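# Architecture and fold: a report
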Amino acid sequence: MINKYPLVFLCCLFYQIQFIGSQTREVILLDKDWKFKKGKSLEAHKTSFDTSSWETVSVPHDWAIYGPFNKDIDKQVVAIEQNGEQIATEKTGRTGALPYIGEAWYRKNFQIPEFDTNKRVLIVFEGAMSEPEIFVNGKKVGEWKYGYSYFYFDITNYINASEENLLAVKLTNMGLSSRWYPGAGLFRKVQLIVTQKTSFKQWNTFITTPLITDSLAQINIKSEVIGKPLRLETEIYNAENNLIVSNSSDVLFGDKFEENLGVKNPKLWSPESPYLYTAKLKLYDDKGLVDEITQRFGIRRISYQPNKGFSLNGKIRKFKGVCLHHDLGPLGVAVNKAALKRQLRILKDMGCDAIRSAHNMPSIEQLELCDEMGFMFIAESFDEWAKPKVKNGYNRFFNDYAEKDVVNLVGATRNHPCIVMWSAGNEVPDQWGAEGVKRAKWLQDIFHREDPTRPVTVGMDQVEATMASGFGALLDIPGLNYRVHLYEEAYKRFPQGFILGSETASTVSSRGIYKFPVERASMKTYDDYQSSSYDLEHCSWSNLPDDDFVLQDDKPWVIGEFVWTGFDYLGEPTPYDEVWPSRSSYFGINDLAGLPKDRYYLYRSRWNTNDNTLHILPHWNWEGREGETTPVFVYTNYNSAELFLNGKSLGVQRKNSASPQNRYRLMWMDVNYEPGTLKVVAFDDGGNPAAEKEIRTSGKPHKISLKPDRMVINADGKDLAFITVSVEDKNGIPCPTATNQLEFRVNGAGTFRAVCNGDATSLEPFHLPTMKLFSGKLVVVIQSSDKAGDITLEVKGDDLKEGILRLKASKVKQNM
Ligand code: GAL
């Protein structure tokens, strides 16, 4: 068990289990040629059922993302208690206004090659939205409840030897079951794992590093097995694929092998240097090799200590984190590695080093990428325990499933070096009352039992209640959601000696939209249902980025923050929860299309310490505002700068402590608008000009410009290219207010996959090849086919010079 204080966790962790050697085990990915149908009482598990009218789909799949948006879907007449509401009102876009509710069936035929009585077959799901019921050859195998959970069943006894087998999955989504767009369907991988009867037990191999010094790391591997193996052989390879140490063990403690291997001069994993090792584990019985697993792992040391805070590999640091919901904007919730990787590239450039999977289990793909690219991770489990936030939420399952869900979360993911903390919940209403305190302890103990190497947090919004009840005191890590005014008191009253900003800011903005007068406001709304990108608007319970920066910078006992949110997400359109057609969030640092809002540069100016940031806002196309006060903000890591409008100096601004905003932003509040060129020159601390940036008033939209994130993608039928589409005037100046309707055509070795403009009020479907620009931009997503070759994107719009882009799909593996 964890010793309470100081909390020091030493870990070496390994990676998603992958398998080689078909004589020992085979992993069959069930991705293509599923049959899908939505509707009630389809009795699809009956083998004679005719699927000729069913759609053929690939998995991961989200049946609801194709819309249409409809305000009546999941219209929730509720008072959102955690937002301080007391009177129920109608919330239209709360879950995205997309058709996720209802029943649907997936069916898939499969064969198990060379199936015999010595084989075991598991069916493994990494998430199924939701309440999955699994049938094989007409018989019910089992069911689960929570859509985000990983789970598996042993289906050996349901298999028809060497014949076609039929897998059917029924999913049921109830309305009033979520606070955001949950998506719908088999939205994560489904796999069959075929092993011999003697094998490694699924999700039951665990590696830790009880000791790490400069010269040696102790790698402790505990592997549970099924059957009667005689011997385990383990080899560890470095990132260059050289064998560095091996071990053989023939001592079985019950059903577990336990080994200790020494890695000399270990290279430690960190966000800056995400070094991964590989372990190969081979299991033998009296007839020879029976099972083999290959896993990557990292070696790193985490500790959380009173007053010192968090340290990684002995160095104190603060989390520069963001919370992310699981949807991928226009792609819905269907997991796609290229889309996840693009998000992480954008966050990396911002200087972000940590992710919190709000408020549920992350995809395995996201964890793999965080291991590889270097992001620390809080893996969260629940948004509700036994007390409801929404009527049909997880509260219905908590008593029967919470332990199983946590066991599977930890078992399936505890070997990822990126995970540095578990979260047992978010703002659970169980923060009130003695039962909740017991539940918090019970859940934390389960996490500790399954993984003694990492601490547990809960994101708390009822900070006063949790100070009074002992709820906050018992957690390894007290996580505060907002409540900046209570940090100091919580630090004094909680015994841990540090506070985590588990959720911060919840500032709202719409990309490229600016409102006047420029002033700080709470729950501010406008007739166009947008929020101002001067980054001064927040919710009644939340605050501005700078308010958090003050705590992060001035309080050594604050161990970091997780901003709500890194990207906009579908649903929860606060402050427009009650008006249609708002249907996606305004909280993102990046919009729903993944395009940076101004706030991106505010965080980048602090977080990215390798590169300079110099960003001006607003845009400079204000026809009709001539002579009116139009404040200019500059987000930069430099401490002072001079602003020029059409060559005339508007003075030097210096960061100062007059207010949190003055401390982190350069602001010229009295600029009178005139069209032309706005230029900023930033100074280094010696007062020398160090960098400059200018923006110009554009003329009318003239031509279309296309900028892909990658020029070559993998010809694997899954990879994606994201093309930012904008329009420019005759002189090549971007038109920041353009709203032209555009049409897209994709030819060659790829297909049009989706489009998104980041407008939270747009009802244009994501999957049709036409959309209006929003604040002069949108993003087109192209998917590769499985053929190599050229892909052409043509973009047209009335009175605009067409844009044409040529990409390539290649069979030579591309770094995504
Ligand atoms: C928090 C909550 C998040 C989201 C956010 C919006 O209270 O944990 O899920 O609702 O507020 O500000």
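Criteria and cut-off values
- Residues numbered from 1 in each chain as written.
- Predicted model: local features only at pLDDT ≥ 70, side-chain atom pairs only at ≥ 80, totals over all residues.
- Heavy atoms only, no water.
- Helix = DSSP H or I, 4+ residues; strand = E, 2+ residues; numbered from the N terminus.
- Rg over C-alpha atoms; globule rule 2.2 N^0.38 Å.
- Buried < 20%, exposed > 50% of the residue type's maximum accessible area, 1.4 Å probe, protein only.
- Contact = heavy atoms within 4.5 Å.
- Near = heavy atom within 4 Å.
- Polar contact = N/O pair within 3.5 Å; in protein donor to acceptor, adjacent residues only side chain to side chain.
- Areas by Shrake-Rupley, 256 points an atom, 1.4 Å probe, with all protein chains shown as cover.
- Nonpolar A, V, L, I, M, F, W, Y, C, P; charged D, E, K, R; others polar.
- Phe/Tyr/Trp six-rings, centres within 6.5 Å; stacked < 30°, edge-to-face > 60°.
- Lys NZ or Arg CZ within 6 Å of the ring centre and 35° of its normal.
- UniProt positions renumbered as here; feature names shortened; annotations may be inferred.
- Pairing = 2+ DSSP bridges.
- Axes fitted to C-alpha atoms, helices over the stretch in contact; angles between N-to-C directions.

Moving on, we get to the overall build of the chain. For the chain, the helix and strand inventory stands at 10 helices and 48 strands. Compactness check: the chain gives a C-alpha radius of gyration of 27 Å against a globular reference of 28 Å for 816 residues, within 12% of the reference. Along the first, second and third principal axes, the C-alpha atoms of the chain reach 85 × 60 × 55 Å. When burial is assessed residue by residue, the chain has 63% of its 816 residues classed as buried. Considering only contacts within the chain whose residues lie at least 6 apart along the sequence, 71% involve residues at least 24 apart.

Inspection of the region around the ligand gives R179, H359, N426, E427, N481, Y482, E503, S506, W541, W564, E572 and F587 as its neighbouring residues. Residue E427 places a side-chain N or O atom 2.6 Å away from an oxygen atom belonging to the ligand. Contacts to the ligand include S506, whose side-chain N or O atom sits 2.6 Å from an oxygen atom. Burial of the ligand by the surrounding chains reaches 99%, relative to a free accessible area of 310 Å². Looking at the shell around the ligand residue by residue, the class counts come to 4 nonpolar, 4 polar and 4 charged.

Two aromatic rings, taken as a pair, are described by how far apart their centres are and by the angle between their planes. Considering all chains together, one arrives at 45 aromatic pairs under this definition. Ring centres of W34 and Y106 lie 6.2 Å apart, and the angle between their planes is 85°; this geometry places the pair in the edge-to-face category. Of this pair, W34 sits in strand β3 (residues 34-38) while Y106 sits in strand β7 (residues 102-110); the two residues are 72 residues apart in sequence, bridging distant segments of the chain. Residues W34 and Y106 agree in their burial class; the two are buried. For the pair W105 and F135, a centre-to-centre distance of 5.4 Å together with 35° between the ring planes defines the contact as tilted. Here F135 lies in strand β9 (residues 133-136) and W105 lies in strand β7, a separation of 30 residues in the sequence. Considered together, W105 and F135 belong to a single accessibility category, that of buried residues. By way of ring pairs, the aromatic residues Y146, Y148, F187, F382, W385, Y394, F397, F398, W442 and F471 are connected into one cluster. Positioned above the aromatic ring of F549 is the side chain of R606, whose terminal nitrogen or guanidinium carbon lies 4.1 Å from the ring centre.

Following the UniProt record, the feature "domain: Glycoside hydrolase family 2 catalytic" (unreviewed entry) maps to residues 308-534 here. Taken end to end, residues 308-534 comprises 33% helix and 21% strand; its first and last C-alpha atoms sit 35 Å apart.

Another aspect to go through is the sheet that holds strand β37 (residues 666-668). Read from one edge to the other, the open sheet built from 3 strands follows the order β33-β34-β37, with strand pairing classed as antiparallel. Looking at which strands have only one partner, the edges of the open sheet turn out to be β33 (614-617) and β37. With strand direction ignored, the average angle separating the axes of adjacent strands in the sheet is 15°. Sheet topology note: the β33/strand β34 (residues 632-636) ladder contains 4 bridges and is antiparallel. Bridge pairing links L617 to F633 in β34.

Here 6 strands make up an open sheet; going across it, the order is β4-β3-β7-β12-β9-β10 and the pairing antiparallel. Every other strand in the sheet has two partners, leaving β4 (55-57) and β10 (139-143) as the edge strands with one partner each. Strand-to-strand twist in this sheet, taken as the mean axis angle between neighbours without regard to direction, amounts to 25°. Here β9 runs beside β10; their pairing, made up of 4 bridges, is antiparallel. Looking at the pairing, F135 lines up with K140 of β10.

So, on to the environment of M361. Topologically, M361 is positioned in the loop between β24 (354-357) and α2 (364-373). For M361, a relative accessible area of 0% translates into the label buried. Sequence-wise, M361 and D798 are 437 residues apart; in three dimensions their C-alpha atoms are separated by 45 Å. Setting aside anything within four residues of it in sequence, one finds M361 in contact with Y146, Y148, S149, Y150, R188, E380, S381, F382, D405 and L409.

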